[in-house]
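# Notes for the structure review
Okay, here's what each chain looks like letter by letter:
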Amino acid sequence: MKAIVLENGNPLLKEVPIPKLQEGDVLVKMKACGLCGTDVEKICGQYTASQPILGHEPAGIIQESTVEWLKPGDRVFAHHHVPCYECYYCKKGSPTMCPYYRKTNLDPGGFAEYFRVPAWNVKRGGILKLPDNVTFDEGAFIEPLATVIRAQRRVFIDKDDFILVVGAGPMGLLHVMAAKVNGAGKVFVSDVSEFRREYSLKVGADVSFNAAKINIEEEVKKLTDGRGVDVAIVASGAPQAILSALNSVRKGGRVLLFGVPYKGTILNYDISNLLNNEISIISSNAAVEEDTREALNMIANKKIDVTKLITGKFKLEEFNEAVREAKEGKTIKAIIYD
Ligand SMILES: [Zn+2]
Ligand SMILES: [Zn+2]
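None of these values were measured; they are calculated from a predicted model.

### Looking at the coordination of the zinc ion (ligand 1)
Taken together, C36 (SG) and H56 (NE2) make up the full set of protein donors to the zinc ion (ligand 1), lying 2.1 to 2.3 Å away. Separated by 20 residues along the polypeptide, C36 in the loop between β3 (26–34) and α1 (37–43) and H56 in the loop between α1 and β4 (58–65) bring together distant segments of the chain. C36 sits in the buried class, given a relative accessible area of 10%. When its relative accessible area of 4% is taken as the criterion, H56 is described as buried.

### Some words on the domain arrangement of the protein
One can read the domain layout of the protein as domain 1 (2–140 + 305–337) and domain 2 (156–283). If you average the C-alpha positions of domain 1 and of domain 2, the two centres end up 28 Å apart. Between domain 1 and domain 2, the residue contacts involve 16 residues of the former and 15 residues of the latter. Around 1,300 Å² of area is buried between domain 1 and domain 2 when both sides are counted, 65% of it from carbon and sulfur atoms. Our count for the domain 1 to domain 2 interface comes out at 0 salt bridges. On the surface where domain 1 and domain 2 come into contact, there are 2 residue pairs in polar contact (both at pLDDT 80 or more). Residues belonging to the side of domain 1 that touches domain 2 are distributed by class as follows: 5 nonpolar, 6 polar and 5 charged.

### Re the coordination of the zinc ion (ligand 2)
Protein coordination at the zinc ion (ligand 2): the donors are C84 (SG), C87 (SG), C90 (SG) and C98 (SG), at 2.3 to 2.4 Å from the metal. For the zinc ion (ligand 2), the 4 donor atoms are set out with angles of 104 to 115° between them, so the coordination reads as tetrahedral. Donor residues for the zinc ion (ligand 2) sit on one chain with the sequence pattern C-x2-C-x2-C-x7-C. On the basis of relative accessibility, which here comes to 12%, the residue C90 falls in the buried class. For C98, a relative accessible area of 4% corresponds to the buried category.

### Some words on the nonpolar core
Core analysis: the largest hydrophobic core is formed by 52 residues, its most contacted members being L145, L174 and L309. Counting contributing residues, this core receives three or more from each of domain 1 (2–140 + 305–337) and domain 2 (156–283). Residue contacts for L309: discarding those within four places in its chain leaves F141, P170, L173, L174, M177, Y199, V203, I332 and K333. If you look at the next biggest cluster of nonpolar residues, it comprises 27 residues, including I43, V76, L316 and V323.

### Quick word on the sheet that holds strand β8 (residues 163–166)
The strands making up a sheet associate through hydrogen bonds between their backbones, and the pairing can be parallel or antiparallel. With parallel pairing, the 6 strands of this open sheet are ordered in space as β10-β9-β8-β11-β12-β13. In the strand order of this sheet, the two ends are held by β10 (207–210) and β13 (280–283), each with one partner. Across the sheet, the mean angle separating the axes of adjacent strands is 20° when strand polarity is ignored. The pairing of β8 with strand β9 (residues 187–191) spans 4 bridges and is classified as parallel. Opposite V165, over in β9, you have V189 as the bridge partner.

### Regarding the pattern of salt bridges
Scanning the entire structure with this criterion turns up 23 salt bridges. A salt bridge links D338 to K31; its shortest N-O distance comes to 3.6 Å. Here D338 is found in the segment after β15 (333–337), whereas its partner K31 is found in strand β3, with 307 residues between them in sequence. Given a relative accessible area of 19%, D338 falls into the buried group. Residue K31 is classed as partly exposed on the basis of its relative accessible area, which comes to 25%. One salt bridge in this structure joins K313 and D137, with 3.3 Å as the shortest N-O distance. Of the two residues, K313 sits in strand β14 (residues 310–315) while D137 sits in helix α4 (residues 136–139), which places them 176 residues apart along the sequence. For K313, a relative accessible area of 53% translates into the label exposed. Judged by its relative accessible area of 15%, D137 is buried.

The rules behind the values
Residues numbered from 1 in each chain as written. Chains lettered and ligands numbered in written order. Predicted model: local features only at pLDDT ≥ 70, side-chain atom pairs only at ≥ 80, totals over all residues. Heavy atoms only, no water. Donors = N, O, S within 2.8 Å, 3.2 Å for Na, K, Ca; no water. Helix = DSSP H or I, 4+ residues; strand = E, 2+ residues; numbered from the N terminus. Buried < 20%, exposed > 50% of the residue type's maximum accessible area, 1.4 Å probe, protein only. Domains from an automatic or database assignment. Contact = heavy atoms within 4.5 Å. Buried area = accessible area lost by both parts, 1.4 Å probe. Salt bridge = Lys/Arg side-chain N within 4 Å of Asp/Glu carboxyl O. Polar contact = N/O pair within 3.5 Å; in protein donor to acceptor, adjacent residues only side chain to side chain. Nonpolar A, V, L, I, M, F, W, Y, C, P; charged D, E, K, R; others polar. Tetrahedral: all angles 85-135°; square planar, octahedral: opposite > 155°, others 65-115°. Core = buried A, V, L, I, M, F, W, Y, C linked by side-chain atoms within 4.5 Å. Pairing = 2+ DSSP bridges. Axes fitted to C-alpha atoms, helices over the stretch in contact; angles between N-to-C directions.

So this is what it looks like as structure tokens:
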């Protein structure tokens, strides 16, 4: 079968054996898999959080199964990382910090004709069946949307909150859409790319700023009676994005760190501002079953149209083209097909 394999930092389309199943495993025929910013970071050697396996937003069809409840032909979403739900971290509400969480993965990853979902994941909520009204394209958004849902639960979006989303890539735009579902009032967006700034207006942003041209903090203050936003969401890895968020939030406000910062990021920021202004910083990393279920429900109930974010469709053979467009910021979400 064909699969994208990372070799010395280069994604190569290779002919590899179809993975063999052990008891409890299932084999999925990939039908759609989103290209994530972290895939691009892994290719560039910039990713700081986990091992470099590519493709973690897949939806597909069960090809072969060793478990009773999943049958060949079932349409599914598969989650790459799954916690144990039994350790100290899991029991204390930090399941994505479970020591087993990042050890689990799809084999050989989501950018392959077929991938094996290990028994560990199958047994612990790592596979969700897709209802008939959810397409494979939509299924490819379950993982990214789940991480957004968990993050917004952690930072807490109150009704009518003013929100600033810094960074209008696919994750930032999912934050815009989810914040609206969660009852936010006005949502402001900033990005240094004119293409992305404009795109944010199509998915529900009320106002968008080009961060390369204007001072976001000043604009945000003008739009909030001089206060600043209730919640600022950092959906970028750039240090300047974190500073913009910290400087745009009101007294008593919350900053959500969501984009993975570049390796070695050090901020030039006066920490006394945090305490004097009672600013909270909350980070959120990844998602678990509870969140993927909520994401699937949000999609199935048509509360959110994630397909608005698809700007590129590529076959496995065209993978490098998708990566190039993503690196150049010419696309919002690229979906890779078998
Ligand atoms: Zn991702
Ligand atoms: Zn655990």
